[in-house]
Protein chains: 2
Amino acid sequence: MTSRPAYGLSDWGTSRFRLWLVDARGEAVAEKRSDDGLDASRVRGFAATLESHLAELGAPGNLPVIVCGMAGSRQGWVEANYVPVPADLSAILSGAVRIPGINRDVRIIPGLSQSGGSPNVMRGEETQLLGAILSRNLSNGIIAMPGTHSKWVTLENGRAKHFATYLTGELYALLASQSILRHSIGDTAASASPDHPQFAAALDLMLSGERMLGELFGIRAAMLLEDLSPEGAAARLSGLLIGAEVAGARAKNEGRVTLVASGAMAALYGKALAHAGLEFDRVDADEAVRKGLFVAASHTWPITQERPA
Amino acid sequence: MTSRPAYGLSDWGTSRFRLWLVDARGEAVAEKRSDDGLDASRVRGFAATLESHLAELGAPGNLPVIVCGMAGSRQGWVEANYVPVPADLSAILSGAVRIPGINRDVRIIPGLSQSGGSPNVMRGEETQLLGAILSRNLSNGIIAMPGTHSKWVTLENGRAKHFATYLTGELYALLASQSILRHSIGDTAASASPDHPQFAAALDLMLSGERMLGELFGIRAAMLLEDLSPEGAAARLSGLLIGAEVAGARAKNEGRVTLVASGAMAALYGKALAHAGLEFDRVDADEAVRKGLFVAASHTWPITQERPA
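What counts and how
Residues numbered from 1 in each chain as written. Chains lettered and ligands numbered in written order. Predicted model: local features only at pLDDT ≥ 70, side-chain atom pairs only at ≥ 80, totals over all residues. Heavy atoms only, no water. Salt bridge = Lys/Arg side-chain N within 4 Å of Asp/Glu carboxyl O. Buried < 20%, exposed > 50% of the residue type's maximum accessible area, 1.4 Å probe, protein only. Contact = heavy atoms within 4.5 Å. Buried area = accessible area lost by both parts, 1.4 Å probe. Helix = DSSP H or I, 4+ residues; strand = E, 2+ residues; numbered from the N terminus. Nonpolar A, V, L, I, M, F, W, Y, C, P; charged D, E, K, R; others polar. Domains from an automatic or database assignment. Pairing = 2+ DSSP bridges. Axes fitted to C-alpha atoms, helices over the stretch in contact; angles between N-to-C directions. Least-squares fit on C-alpha atoms with pLDDT ≥ 70 in both. Phe/Tyr/Trp six-rings, centres within 6.5 Å; stacked < 30°, edge-to-face > 60°. Parallel < 35°, antiparallel > 145°, perpendicular 65-115°, else oblique. Left-handed = near helix turned anticlockwise from the far one by under 90°. Lys, Arg positive; Asp, Glu negative; His and termini not counted.

- Labelled according to an unreviewed UniProt entry, chain A appears under the name 2-dehydro-3-deoxygalactonokinase, originating from Phyllobacterium brassicacearum.

## Remarks on the pattern of salt bridges
In step 1: Applying the stated criterion across every chain, the model contains 32 salt bridges over all chains.
In step 2: Residue D23 of chain B is joined to R25 of chain B by a salt bridge in which the shortest nitrogen-to-oxygen separation is 2.8 Å.
In step 3: With a relative accessible area of 61%, R25 of chain B lands in the exposed category.
In step 4: Several salt bridges share partner residues, and in doing so they unite D11, R18, E31, R33 and D286 of chain A into one network.

## Quick look at the interface of chain A and chain B
In step 1: Opposite the 46 residues of chain A that make contact, chain B presents 46 residues.
In step 2: Carbon and sulfur atoms make up 66% of the area that chain A and chain B hide from each other, which totals about 3,700 Å².
In step 3: On the chain A side of the interface with chain B, the three residues burying the most area are R211, L213 and F217 of chain A, jointly 22% of the side's total.
In step 4: At the boundary of chain A and chain B, one finds two salt bridges.
In step 5: Two residues, E210 of chain B and K252 of chain A, come together in a salt bridge whose shortest N-O distance is 3.0 Å.
In step 6: The greatest single-element share of the side of chain A that touches chain B, amounting to eight residues, is contributed by helix α8 (residues 217-226) of chain A.
In step 7: Classifying every residue of the side of chain A that touches chain B by side-chain character gives 21 nonpolar, 15 polar and 10 charged.

## Quick look at the domain arrangement of chain A
All names here are of chain A.
In step 1: Splitting chain A by domain gives domain 1 (7-137 + 289-300) and domain 2 (166-285).
In step 2: Domain 1 puts five residues into the contact, and the matching count from domain 2 is five residues.
In step 3: The junction of domain 1 with domain 2 conceals about 410 Å² of combined surface from both sides, 53% of it contributed by carbon and sulfur atoms.
In step 4: Considering only the side of domain 1, the residues that lose the most area to domain 2 are Q128, A132 and R136, jointly responsible for 83% of the buried surface there.
In step 5: Run the count over domain 1 and domain 2 and you get zero salt bridges.

## Things to note about the sheet that holds strand β12 (residues 150-156) of chain B
Residue and element names in this part refer to chain B.
In step 1: Spatially, the six strands line up as an open sheet ordered β6-β13-β12-β11-β14-β15, and their pairing is mixed. Whereas interior strands pair on both sides, the edge strands pair on one side only; in this sheet they are β6 (87-88) and β15 (280-283).
In step 2: Bridge count for β12 against strand β13 (residues 159-166) is seven bridges, and the pairing is antiparallel. The residue of β13 that forms the bridge with V153 is F163.
In step 3: Those strands touched by helix α10 (residues 263-275) are β12, β14 (257-260) and β15, and its axis lies near 160° from that of β14.

## Structural notes on the pairing of β15 of chain B
In step 1: In this structure, β14 of chain B lies alongside β15 of chain B, joined through four bridges in parallel fashion. When the sheet's bridge partners are listed, V257 of chain B is paired in β15 of chain B with F280 of chain B.

## A closer look at the relation of the copies chain A and chain B
Each of the two copies of the chain can be brought onto the other by a rotation about an axis and a shift along it.
In step 1: Laying chain A over chain B is done by rotating through 180° and shifting 0.0 Å along the axis; what remains is an RMSD of 0.0 Å. Those values place the two copies in the arrangement expected of a two-fold rotation axis.
In step 2: In this assembly the copies share their binding face: 100% of the residues contributing to the interface of chain A also contribute to that of chain B.

## Quick look at the packing of aromatic side chains
In step 1: In this structure the tally under the stated criterion is 12 aromatic pairs over all chains.
In step 2: Members of the aromatic cluster, connected to one another through ring pairs, are W12, F17, F46 and W77 of chain A.

## Some points on unusual backbone geometry
In step 1: Residue P86 of chain A is reached from V85 of chain A by a cis peptide bond, and omega for that bond is -5°.
In step 2: Mapped onto the elements, P86 of chain A comes out in the loop between β5 (82-84) and β6 (87-88).

## Overview of the packing of helix α9 (residues 230-252) of chain B against α10 of chain B
Residue and element names in this part refer to chain B.
In step 1: Close contact between α9 and α10 brings their axes to 10 Å; oriented N to C, the two are set at 55°. Viewed along their axes, α9 and α10 adopt a mutual orientation that is oblique. Our pair here, α9 against α10, has a crossing hand that is right-handed. Two secondary-structure elements touch here, α9 through S238, I242, E245 and V246 and α10 through L268, Y269, A272 and L273.
In step 2: Looking at side-chain class alone, the contact of α9 with α10 contains six nonpolar, one polar and one charged residues.

## Things to note about the pairing of strand β13 (residues 159-166) of chain A
All names here are of chain A.
In step 1: Examined bridge by bridge, β6 and β13 share two bridges and lie antiparallel to one another. Paired with D88 across the bridge in β13 is R159.
In step 2: Once strand β12 (residues 150-156) ends, the chain turns through two residues before running back antiparallel as β13, passing N157 with a positive phi of about 50°.

## Let's talk about the sheet that holds strand β10 (residues 120-122) of chain B
By definition, the strands of a sheet pair up through backbone hydrogen bonds, in either a parallel or an antiparallel sense.
In step 1: As summarised here, the arrangement of the three strands in space is β5-β9-β10 (chain B), forming an open sheet in which the pairing is mixed. What marks the edges here is a single partner per strand, and that holds for β5 (82-84) and β10 of chain B. Going from strand to strand, the sheet's axes swing by 25° on average, the running direction of each strand aside.
In step 2: Sheet analysis places β5 of chain B next to strand β9 (residues 111-114) of chain B, joined by three bridges and oriented parallel. From the neighbouring strand, V83 of chain B faces β9 of chain B, where its bridge partner is L112 of chain B.
In step 3: In the packing of α8 of chain A onto the sheet, contacts are made with β5, β9 and β10 of chain B, and the angle to β10 of chain B comes to roughly 90°.

## What about the side chain of E125 of chain A?
All names here are of chain A.
In step 1: Considering the arrangement of structural elements, one finds E125 in helix α4 (residues 125-136).
In step 2: Although E125 is buried, it makes no salt bridge; K151 carries the closest opposite charge, 4.8 Å away.
In step 3: Not counting chain neighbours up to four residues away, the residues in contact with E125 comprise M145, H149 and K151.

In structure tokens, the structure reads:
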């Protein structure tokens, strides 16, 4: 027995598109993942892209849809402004922008911004943050959301007070595939293992205060002089970058960490946090973003009000 | 009046080829620069490439040629082994490998290697190092050779004791042209100015102990939130990376720095060293490599022995 969908939830990023249809309790009744990120969708049209995915899942024509991610950026569908930190989560919930000129009720969740000495922005992660906070009932601590652009948010009395971005994932991909280190890493880039001794050794080096910039070339040299394997090279690069991120974040934050991550990322960062002596709980990244989207949808279109079929 | 050439000197790197014909006192009588780096030369043949450039400069068929750089790597012409540190400079001078199977006497200068805890290699910079040391009569201190892979060498009692490599130049190029920061920097990547206030601000941030990985994304955010210009973005990225390099090197070395650099690089690093409170002298990078090549040539084919015309 499949429940009737109450909302469409979409995480629409630069390179990925995800869509869930959920019932009134937030349980997924259908799901779709595709590569229709921003670039692909801009060509075809954002409304047409979304409608085609909704149709594939058999969504009713009047199902309301909430969207987070880069679809709300200036290069996206409709720009949803940033909510400045320190921010109450209710400001995110109530800031969703309705897409004009289409029949369906589609809204885009705003990002977060930080001005002043450390300018910063996020789009998409604010929804993960919302989901993680609500699913764990957090009001203080640190939320770490690793990825292409890892975000570390300091939560204080239920407000997002400050955040930092580490270019870890993007730098890893660039170095492994385009730099001198590509000769050492090759095809193993995607499978850096947290259990390889090079990962732990690199973590410890970074956590002891070394600078990553002066350690990268050593991967190439260790291949030439000491027969470092491609697996070892990938693990070492991952350890240097994640180690630098965690060392930087540890120096600026106090408190228990909530790690929002899935799969391989969760394993790598879990080990890094443990090496750094940071206590943490884990929240699955997919569940967090879906939870955040569902809460925003419920807030926008309250559930007590039965929607027409 | 042009003197008769005594030697050909070549700095043959991954992407660049340079050739000088010099007289018995080391004065250049002819010069050639081209893009015939390793990849181009491998296709055409190394001997054919070298001969064609020598012919263009009117070099005699029996002119001996000394070569430094990646031409001596495993992917190059003939592999010239590494001399391990701690190394006497005489070991570099006497380690040149003769190319077999050709009529002309061509030799390739060995690189330097460092095993153990911090594996490292250099090829080409050992010749710059030689030139800088000999032209300034150095026996102790630090030699900084900025570039794609910046090298910092500790000199002790006339021996190269230890060295480090910073991936600064390569990382700058990757980030400016391939990462999210390309939208902020665009075509201004090649002209980062040491006089832009963003350069000094970024230097000071890195020299105060910040981690570069957590500051890179701020360039993108400052463009979105604070209208940071492309020139400001390029200067900031340059300051973050050079600042991280100089901060790392400062933490590991004591003593006067000899900066081996030319042009824009000399201006950027000169400012960074001054901000770091490091005293330095400058040696022109081109002159250093030519001087090193000439000294190696004179050592290999002593000048007292008149060469046949």
